[in-house]
Amino acid sequence: MAAVPNYQDYDRGPHLAAVYIAGCALSLVFVGMRLTARFSIAGVGIDDWCMLITWAVFLPLTILVCMFSFDGGTRHLAYLTETPEHLVYVTKLNWIAQSLAIFCLGSGKIAIAFLILRLLNRASVFRKWSLYVAVVWTAINTFLMILFTFIQCENSAALWDQLLKETTKCWDPRVQSSFSIYGAAVHSLTDFYLAAIPVTLVWGLKTDLKKRIALCALLGCGSITGICAAVKASKLSTLNARSDFTWETFQLFLWTGIEIILLVICGSIPALKPIYAICMGHRPGSYRSTRHITNTSKRSGMGISLNRIPDDEAHGRFVRTPQSATGVSRISEDQMQLNRDYEKPPLGTIHVTRTVVIE
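Predicted, not measured: the structure shown is a model, and the values here were computed from it.

**Details of empty space enclosed by the protein**
Here's step 1: Throughout the structure, instances matching the rule amount to four cavities of 30 Å³ or more.
Here's step 2: Roughly 300 Å³ of internal volume is contained in the largest cavity.
Here's step 3: If you go around the largest cavity, you meet 21 residues; those closest to its centre are Gln98, Ile102, Ser180, Leu236 and Leu252.
Here's step 4: Elements represented by at least two residues in the lining of the largest cavity include exactly α4 (84-119), α5 (125-151), α7 (173-202) and α10 (245-268).
Here's step 5: It is α7 that provides the largest number of residues to the lining of the largest cavity, a total of six residues.
Here's step 6: Classifying every residue of the lining of the largest cavity gives eleven nonpolar, eight polar and two charged.
Here's step 7: Space inside the second largest cavity adds up to approximately 140 Å³.
Here's step 8: Along the walls of the second largest cavity sit 17 residues, with Ile112, Leu219, Gly222, Cys266 and Gly267 positioned nearest its centre.
Here's step 9: Sorting the residues of the lining of the second largest cavity by element identifies α4, α7, α8 (209-219) and α10 as the ones contributing at least two each.

**Concerning the packing of aromatic side chains**
Here's step 1: Throughout the structure, instances matching the rule amount to seven aromatic pairs.
Here's step 2: Centroid distance Phe148 to Phe179: 4.8 Å. Interplanar angle 70°. Geometry classified as edge-to-face. On the criterion of sequence distance, the pair formed by Phe148 in helix α5 and Phe179 in helix α7 is long-range, its members being 31 residues apart.
Here's step 3: Look at Phe148 and you get partly exposed, because its relative accessible area is 22%.
Here's step 4: An aromatic cluster is present here, built from Phe148, Trp171, Phe179 and Tyr182 joined pairwise through their rings.
Here's step 5: Over the ring of Trp247 we find Arg12, and its NZ or CZ is 3.5 Å from the ring centre.

**A look at the nonpolar core**
Here's step 1: In this structure, Leu16, Phe58, Leu61, Val65 and Phe68 are the most contacted members of the largest nonpolar core, which totals 53 residues.
Here's step 2: When residues of this core are traced back to their parent elements, those giving at least two are α1 (13-40), α2 (46-69), α3 (77-80), α4, α5, α7, α8 and α10.
Here's step 3: With 16 residues, the top contributor of residues to this core is α4.
Here's step 4: Once residues lying within four places of it in the same chain are set aside, the contact partners of Phe68 are Leu16, Gly73, Thr74, Val90, Leu93, Asn94, Ala97 and Phe253.

**Focus on the UniProt feature "transmembrane region" (unreviewed entry) in the chain**
Here's step 1: Taking the numbering used here, the UniProt-annotated feature "transmembrane region" (unreviewed entry) corresponds to residues 17-37, 49-70, 95-117, 129-151, 181-205, 212-232 and 252-272.
Here's step 2: The span residues 17-37 shows a helical share of 100% and a strand share of 0%, and its end C-alpha atoms are spaced 30 Å apart.
Here's step 3: Within the segment residues 252-272, helix and strand shares are 81% and 0% respectively, and the terminal C-alpha atoms sit 31 Å apart.

**Thoughts on the confidence of the model for the chain**
Here's step 1: Of all residues in the chain, 75% have pLDDT values of 70 or greater, and the mean over the chain is 78.
Here's step 2: Within the chain, α2 carries the highest mean pLDDT (96), whereas strand β4 (residues 325-331) carries the lowest (40).
Here's step 3: When the criterion is pLDDT under 50, residues 342-349 qualifies, and its contacts beyond four places in sequence or with other chains add up to ten contacts.
Here's step 4: Taken together, the stretch residues 351-359 has pLDDT below 50 and engages in 23 contacts with residues farther than four places along the chain or on a different chain.

**A closer look at the environment of Thr91**
Here's step 1: Looking at where Thr91 falls in the secondary structure, it is placed in helix α4.
Here's step 2: C-alpha separation for the pair Thr91 and Asp161, spaced 70 residues apart in sequence, amounts to 8.3 Å.
Here's step 3: Every residue in contact with Thr91, bar those within four places of it in the chain, is listed here: Leu159, Trp160, Phe245 and Thr246.

**Regarding helix α9 (residues 223-235)**
Here's step 1: With 13 residues, α9 should cover 18 Å at 1.5 Å per step; its first-to-last C-alpha distance of 19 Å lies within 8% of that length.
Here's step 2: Where the residues of α9 are buried, they touch α4, α7 and α10.

**Regarding the packing of α4 against α7**
Here's step 1: Contact geometry of α4 with α7 gives a least axis separation of 11 Å together with a crossing angle of 15°. Classified by the interaxial angle, the pair formed by α4 and α7 is roughly parallel. For the element pair α4 and α7, the recorded crossing hand is left-handed. Here Leu105, Lys109, Ile112, Ala113 and Ile116 of α4 come into contact with α7, specifically with His187, Thr190, Asp191, Leu194, Ile197 and Pro198.

**Some remarks on the side chain of Asn141**
Here's step 1: Tracing the sequence through the fold places Asn141 in helix α5.
Here's step 2: Among the residues examined, Asn141 registers a relative accessible area of 3% and is labelled buried.
Here's step 3: A distance of 3.0 Å separates polar atoms of two side chains, one belonging to Asn141 and the other to Tyr182.
Here's step 4: Those residues in contact with Asn141 that sit more than four places away from it in its chain are Tyr182 and Val186.

The rules behind the values
- Residues numbered from 1 in each chain as written.
- Predicted model: local features only at pLDDT ≥ 70, side-chain atom pairs only at ≥ 80, totals over all residues.
- Heavy atoms only, no water.
- 1 Å grid on protein atoms, 1.4 Å probe; cavity = no way out; pocket = protein on both sides within 12 Å on 5 of 7 lines; lining within 4 Å.
- Points joined across faces, edges and corners; volume = space filled by probe spheres on them.
- Helix = DSSP H or I, 4+ residues; strand = E, 2+ residues; numbered from the N terminus.
- Nonpolar A, V, L, I, M, F, W, Y, C, P; charged D, E, K, R; others polar.
- Phe/Tyr/Trp six-rings, centres within 6.5 Å; stacked < 30°, edge-to-face > 60°.
- Buried < 20%, exposed > 50% of the residue type's maximum accessible area, 1.4 Å probe, protein only.
- Lys NZ or Arg CZ within 6 Å of the ring centre and 35° of its normal.
- Core = buried A, V, L, I, M, F, W, Y, C linked by side-chain atoms within 4.5 Å.
- Contact = heavy atoms within 4.5 Å.
- UniProt positions renumbered as here; feature names shortened; annotations may be inferred.
- pLDDT = per-residue confidence, 0-100.
- Expected span 1.5 Å × (residues − 1).
- Axes fitted to C-alpha atoms, helices over the stretch in contact; angles between N-to-C directions.
- Parallel < 35°, antiparallel > 145°, perpendicular 65-115°, else oblique.
- Left-handed = near helix turned anticlockwise from the far one by under 90°.
- Polar contact = N/O pair within 3.5 Å; in protein donor to acceptor, adjacent residues only side chain to side chain.

The following block contains the structure:
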């Protein structure tokens with residue numbers, strides 16, 4: 001006869017499901033506003049697609065979490081062993097959901113890195129390459145964490161089937177748990193780095209203090225996700241023994257869900273400026289960057305003007321005349337503002353002027 005557990009049979013599943021359902025709905029709103037803002041200026045980029053993919057994977061993750069949460073998948077393991085088939089079912093969903101959560105974390109951080117590269121296109125070469133390194137490092141770690149989740153046993157089904165586990169060779173649980181702690185620590189470090197690198201650049205802009213503080217808060221809000229990743233890393237050590245797997249993974253899924261939700265929201269806020277412009281009654285549009293190079297400009301300087309142009313004329317193009325060469329390219333409002341603040345007049349005889357004309 002099985003021993004009676006000395007703890008109460010408490011089901012925290014509905015609380016976990018509520019977090020994921022609310023977070024999935026809220027993050028959908030921000031992703032929708034982000035894409036609306038980008039399409040309004042015809043400026044959808046790789047960062048937007050990465051964030052959309054993150055939410056697209058977060059949706060099935062939310063469904064899986066709700067499935068095992070409403071079915072008792074977060075109760076103490078001792079109470080689930082009374083029905084072995086049910087235990088196999090909820091544990092299998094638990095392991096599959098873990099892989100989807102890891103993917104969401106990785107793709108979300110990659111989306112934010114590409115967003116920073118897009119906004120701070122005038123950053124130094126070191127900053128740009130460090131962001132590319134962060135993207136590659138995050139992608140590799142994400143792939144390895146998902147891979148190690150399922151290859152730790154010769155037969156992956158042994159992860160959720162206790163009968164198979166008795167006859168299947170598996171790693172020591174501490175190996176996979178230790179690598180998961182490393183992965184969570186890397187995620188936390190990446191979050192803090194992605195929050196810090198734009199702040200270091202924005203703080204040096206030649207603009208008023210209030211605007212610099214606002215930009216730092218806007219681009220550095222991702223540090224909140226770093227705190228969630230650090231808390232999650234501290235919870236992973238409890239999975240070494242896997243003695244109460246279903247109960248112990250509740251904290252893991254809770255903090256992972258919060259981290260993904262904050263990744264999507266905080267990673268989308270900097271891209272919502274065109275939405276703000278629409279709400280304030282302004283029409284977001286494309287800007288034309290023209291560069292005139294003539295015999296006169298070679299002697300006296302180079303003129304650069306930024307003008308709003310109709311959407312149907314917003315495609316990049318080059319127009320050449322006998323006296324001048326005019327290069328036209330598209331940039332977003334955020335990029336134009338940051339470039340105007342960051343760029344300094346070059347030394348020598350070349351003088352840079354800027355004119356903004358709003359029609």
